[in-house]
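# Commentary on secondary and tertiary structure
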Amino acid sequence: MYSLIEPRFRTAVCAVLLFFVGVASSTHAIAADRRPMKIEDLFAFKRVSGPRISPDGKQVVYSVGSVDLEKNKSTIALWIVATDGKTPPKQLTKPEEGQKHTGPRWSPDGMRILFEAGGQLWVVAVEGGEPRQITNIATGASSGIWSPDGSHIAFVSSVYPEFSEKPFAESDKLNKVKDDEKEKSPVKAKVFTKLFFRHWDHYVDGKREHIFVLRVGYAKHESPSAPDELQKATPHNVTPGDRDAVPTSSTFSSGDDFTFTPDNKYVLFTAVPEKNEAWSTNYEICRVTITNSSPKWETLTADNPAADSGPQFRADGKQLAWRAQKKPGYEADKWDIVVADVRPDGTLTGKPVPLFPEVDLSCNEFTWVSGLGLAFTVDENGATALYHVDHGRKPLRQSLPGFGGFIGSLSAPSKVADLGCTYASMNAPAEVGFISFWQKNPETAGPVARSLSRANTELLAQLDLPKPESVEVPVEGGVKMQMWILKPPGFDPKKKWPVVYLIHGGPQGAWSDSWSFRWNPQIWAAQGYVIAMPNPRGSTGFGQKFTDEISGDWGGKCYRDLVAGIEFVEKLPFVDINRLATAGASFGGYMQNWFAVNEIAKKFKCQVNHCSVWNFESMWGTTEELWFDEYEHGGLPWEVPGKYAEFSPHKKAVNMAKYKVPMLVIHNDLDFRCPIGQGHELFTTLQRLGVPSRMVNFPDEGHWVVKPRNSQYWHQEVFAWLKAYAPPGGK
């Protein structure tokens, strides 16, 4: 899947509560003390992420990122805040400029916080102070978690499998020597003997993602004022062999991809398929002891030929839950939560049972909530909703007033019915929230929801950020397509405004009431455009049938839905039909190409096309995750003659010469999902056909443009292109 908004774990960031309003609203005048958003404001916002609630539910630790645009650097620090909302947050760690402190995890006793910095794991006391480094592994350490009793830490490191069964000191030395030799060698040749040889934006270089376990302990000092002394042993690779022990595709990550068993003696984890990993989605839940030294792993989900991921134990250790799909090879299949009775060592004692098999909801992420069962998020009608479910009951949707359009990053304490989370909307970036199920909101009878971090309050008070409006567009099949309309600051309905028609990625994704630092509708609207964001066939959150209907039919129903959407937009009384533009990335970029070779092209003054698919026939052999193309087209290219060409824009390229819609092409060298050749083929075609075109290439970026100065330049190029062909502002 080709995602415009997030990594390929498509938790579509959208609304918990939606306030549906008509598009014929009154004038949106800019308040005297507020101004339209500028490109630089994107980098001035604090970037809040990764909240983790303490074991007693009284505090939340989280990361806050700050961008220095001039220096082209981002710095991330840990912050901590009480969940009662009575005291302001305080900074817990003080990273050096450009350093990133991420992935915080509370120790089971609530006294320390484990986190990642500089490619190693560190521990800091909850009161603050100087952090202590606890790993020093040549290949780095990430994603650290504690065992239930706090005696061990598990983490991930990318190592050469041929050394993985050797004692740690020897294998670590051999890994370092091999990396150093590659770095120093004047020959940079790469040799491949199998797939995968690259992921997303980097070459694998023959390494595997393995889980290590490290025994840790603290020597108690007699003086209560003296710090505890960290005692640590040598890390041990518990998943040796030529196989990845954590998902290499974020599509199959559940956030928490591995866990200790309640008895502290085993690790359960989400393993990549044992065979055919580049074209199979059969991710498995596997188990090993914390002293394992064999590449043979016990598989707990062998009966399911599709994906399983994210094992989590209930606090009392009596049940295990994970996400599961049913269709092999189909990454956008419905994710259900399955639960099985288990022993403390993780042995299944009962058959896994799906919690809501008859309910048309697909789970994004989940967590156990003490005494209540499971809380999970789903894409729903242009929204991300929070649900709670227990055995024998239908999922119950939670009402969370004030939490805007998105909820995610769920974490729960072991003994209290509380949640830590992030929440956001299209007009406000993510902040840390707190949800208490044992406290009731008197107005909604639902749980109490409280904002905690407020990292962006000051900047938000300066900006005029209009709220998105939701409309429904009748489309074929007797259904309606949801679409967001975002008007610019200072919108006057008596004037005629240009429109940018934004097409989301995926295609199994969705535009949602959420915040993004890459494709941010607010900054587009602030240029003086009405922004229309349709969710056509293939979008998530509108039932699995609606999602499935794009497979094998990219240029069919989905395209016709989008045509209906633009026809709807043209009829709005404030729209200038002579200033229509369209833009999209990934699948949205594909649709720019399909627009350009079909009659709808006549409606647009220009197009912006980021990291697109132009030629399905060459795409198959150059993208890295083959399962996607092979499922979407129904087989291998030689097995389904004609299917790869049926909706491939390059087959109808001659039509571009007829419509000649100016196109800005953006494509990056490190994009291995939609490889750079797609951009080269497209731009070459545009130039040979005499279509006004411009190509922007970032050699140091992948599918996304994330480096601060690159992102700034990207926005400047895009908005200059729009301005040249579809001038902004109401007239």
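A few points on the structure. (Residues numbered from 1 in each chain as written. Predicted model: local features only at pLDDT ≥ 70, side-chain atom pairs only at ≥ 80, totals over all residues. Heavy atoms only, no water.)

## Quick word on the overall build of the protein chain
A count of helical and extended segments in the protein chain gives 13 helices and 39 strands. In terms of C-alpha radius of gyration, the protein chain reaches 25 Å, essentially the compact-globule figure of 27 Å for 731 residues. Its C-alpha atoms give the protein chain principal-axis dimensions of about 80 × 60 × 55 Å. For the protein chain, with 731 residues in total, the buried portion stands at 60%. (Helix = DSSP H or I, 4+ residues; strand = E, 2+ residues; numbered from the N terminus. Rg over C-alpha atoms; globule rule 2.2 N^0.38 Å. Buried < 20%, exposed > 50% of the residue type's maximum accessible area, 1.4 Å probe, protein only.)

## Looking at the nonpolar core
Formed by 65 residues in total, the largest nonpolar core has its most connected members in Tyr501, Tyr590, Met591, Phe595 and Met656. For this core, the leading source of residues is helix H6 (residues 557–570), giving seven residues. Ignoring any residue separated from it by four or fewer positions in sequence, one finds Met656 in contact with Ala596, Val597, Trp614, Met663, Leu682, Thr685, Leu686, Leu689 and Val691. Grouped together as the second largest cluster of nonpolar side chains are 46 residues, Met426, Val500, Phe517 and Ile531 included. (Core = buried A, V, L, I, M, F, W, Y, C linked by side-chain atoms within 4.5 Å. Contact = heavy atoms within 4.5 Å.)

## Section: the pairing of strand E35 (residues 530–535)
In terms of burial, E35 is largely enclosed, as six of its six residues are buried. On E35, burial covers both faces: Val530, Ala532 and Pro534 on one face and Ile531, Met533 and Asn535 on the other are all buried. Note that strand E33 (residues 479–486) and E35 share five bridges and pair antiparallel. Note on E35: the bridge partner recorded for Leu486 is Ile531. (Pairing = 2+ DSSP bridges.)

## Structural notes on the packing of aromatic side chains
For the structure on display, the rule yields 38 aromatic pairs. Measuring from ring centre to ring centre gives 6.1 Å for Phe196 and Trp627, while their planes differ by 90 degrees; the resulting arrangement is edge-to-face. You can see Phe196 sitting in the loop between helix H2 (168–184) and strand E11 (198–199) and its partner Trp627 sitting in helix H9 (residues 626–633), a full 431 residues away along the chain. Ring geometry for Trp524 against Phe719: centres 5.5 Å apart, planes inclined by 90 degrees, an arrangement best described as edge-to-face. (Phe/Tyr/Trp six-rings, centres within 6.5 Å; stacked < 30°, edge-to-face > 60°.)

## Topic: the sheet that holds strand E23 (residues 353–354)
Sheets are built from strands that pair by backbone hydrogen bonding, the pairs being arranged parallel or antiparallel. In space, the four strands of this open sheet follow the order E20-E21-E22-E23, with antiparallel pairing throughout. At either end of the open sheet lies a strand with only one pairing partner, and these are strand E20 (308–313) and E23.

## What about the pattern of salt bridges?
One pass over the full model with this rule turns up 35 salt bridges. We note a salt bridge from Asp244 to Arg208, for which the minimum N-O separation is 2.7 Å. Of this pair, Asp244 sits in the loop between strand E15 (236–237) and strand E16 (258–260) while Arg208 sits in strand E13 (residues 208–219), placing them 36 residues apart in sequence. The burial state of Asp244 is the same as that of Arg208; both residues are buried. For Lys557, the salt bridge goes to Glu549, with nearest N and O atoms at 3.2 Å. Residue Glu549 is classed as buried on the basis of its relative accessible area of 17%. Counted as one network, the salt bridges with shared partners bring together Lys194, Arg208, Asp242, Asp244 and Glu277. (Salt bridge = Lys/Arg side-chain N within 4 Å of Asp/Glu carboxyl O.)

## Observations regarding the environment of Asp316
With respect to the helices, strands and loops of the structure, Asp316 is situated in the loop between E20 and strand E21 (319–324). A polar atom in the side chain of Asp316 sits 3.0 Å from the backbone nitrogen of Lys318. (Polar contact = N/O pair within 3.5 Å; in protein donor to acceptor, adjacent residues only side chain to side chain.)

## Some points on the sheet that holds strand E30 (residues 428–440)
A sheet is described by the order of its strands in space; here four strands give the open sequence E28-E29-E30-E31, paired in antiparallel fashion. What marks the edges here is a single partner per strand, and that holds for strand E28 (406–411) and strand E31 (447–451). With direction set aside, neighbouring strand axes in the sheet form an average angle of 30 degrees. Pairing of E30 with E31 involves five bridges; the strand directions are antiparallel. (Axes fitted to C-alpha atoms, helices over the stretch in contact; angles between N-to-C directions.)

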